[in-house]
Amino acid sequence: MTQPGTHDTMATRTLTIERVFNAPREKVFTAFTDCEHLMHWWGPHEWPLAHCDIDFRVGGTWHYAMRETATGNESWALMLFDEIISPEFIRYRDVFSDANRTINTDLPESASTLHFYAEGDSTRVVSTSMYADAESLKKMLEMGMEQGFKEMWDRLDAYITR
Amino acid sequence: MRDSLGTTFAALADPTRRAILARLAQGEATVKELAEPFAMSLPAVSKHLRVLERAGLITHGRKAQWRPCQINAAPLKEAADYISLYRQLWEGRFDRLDTYLNSLNNEENAP
């Protein structure tokens, strides 16, 4: 649906980030889907994973918490798996929750995809996330991508960052 | 912060309003000047301007139509920063994953 690097605009609230990793696809895919690996890298250094419970299947969830080393504060989240093609593709939603898996509807959810492309012995991972509440997301989708849209945003971007 | 961001993005969702903002990014303009390229009535343009004003994206004298509208960049910057926060988050994750995968490679390659 989304080509890398083309939809990173304020108006669509879509963020595309990609990176090539020096490891075969199966291995990189597993790093995203197995707590044993996730514990080592998902959370920021000062907010490592303190809880990890993953049920990796369509309709399953990843319930996790990151804990700030300095304060002991915890941030809970749920990842809801909507589509899985091992080891190529994951479509999921990210929501804020608590230790009891109750979803916090005050904070926005994001709809995301992860693509894993084998490139020889390396793997290109493309993460696309659309950050929007349901109402503005609907408006964004209705609006589509008009011609000349990007140029206009470039002008605005140049203006606001001057 | 999230509420005001929602207002900003809702205001930006309309192509006419984005075009108005793009015009105002080049300099201030009156309602009449803003209406010209759109083949819209002044009241229709005023309606869009009110949405932009409520979102804090422009400043505009409500009663005086001849008073120029001006763009206000702060909410746009906030919206841009919101995206950049997530960019930092993912760049950080990828950095750590890269380090982790390399450490696994090194373990495997160790004699």
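Computed from a predicted structure; not experimentally measured. (Residues numbered from 1 in each chain as written. Chains lettered and ligands numbered in written order. Predicted model: local features only at pLDDT ≥ 70, side-chain atom pairs only at ≥ 80, totals over all residues. Heavy atoms only, no water.)

(A) Summary view of the overall build of chain B. Scanning chain B from terminus to terminus reveals 5 helices and 2 strands. Its helices and strands in sequence order give chain B the pattern α-α-α-α-β-β-α, from N to C terminus. Classification of the 111 residues of chain B by burial places 46% in the buried group. Counting contacts in chain B only where the partners sit at least 6 residues apart, residues at least 24 apart contribute 52% of the total. (Helix = DSSP H or I, 4+ residues; strand = E, 2+ residues; numbered from the N terminus. Buried < 20%, exposed > 50% of the residue type's maximum accessible area, 1.4 Å probe, protein only. Contact = heavy atoms within 4.5 Å.)

(B) Structural detail: the side chain of Thr113(A). Within the secondary structure layout, Thr113(A) lies in strand 6 (residues 110-119). When residues no more than four places from it in sequence are discounted, the contact partners of Thr113(A) are Phe89(A), Ile90(A), Arg91(A), Tyr92(A), Val126(A), Ser127(A) and Thr128(A).

(C) Expanded view of the environment of Arg17(B). All names here are of chain B. Considering the arrangement of structural elements, one finds Arg17 in helix 2 (residues 15-25). Distance from Arg17 to Val51, taken between C-alpha atoms, is 8.6 Å for residues 34 residues apart in sequence. Sequence-distant contacts of Arg17, defined by excluding residues within four places in its chain, comprise Ala10, Ala11, His48, Val51 and Leu52.

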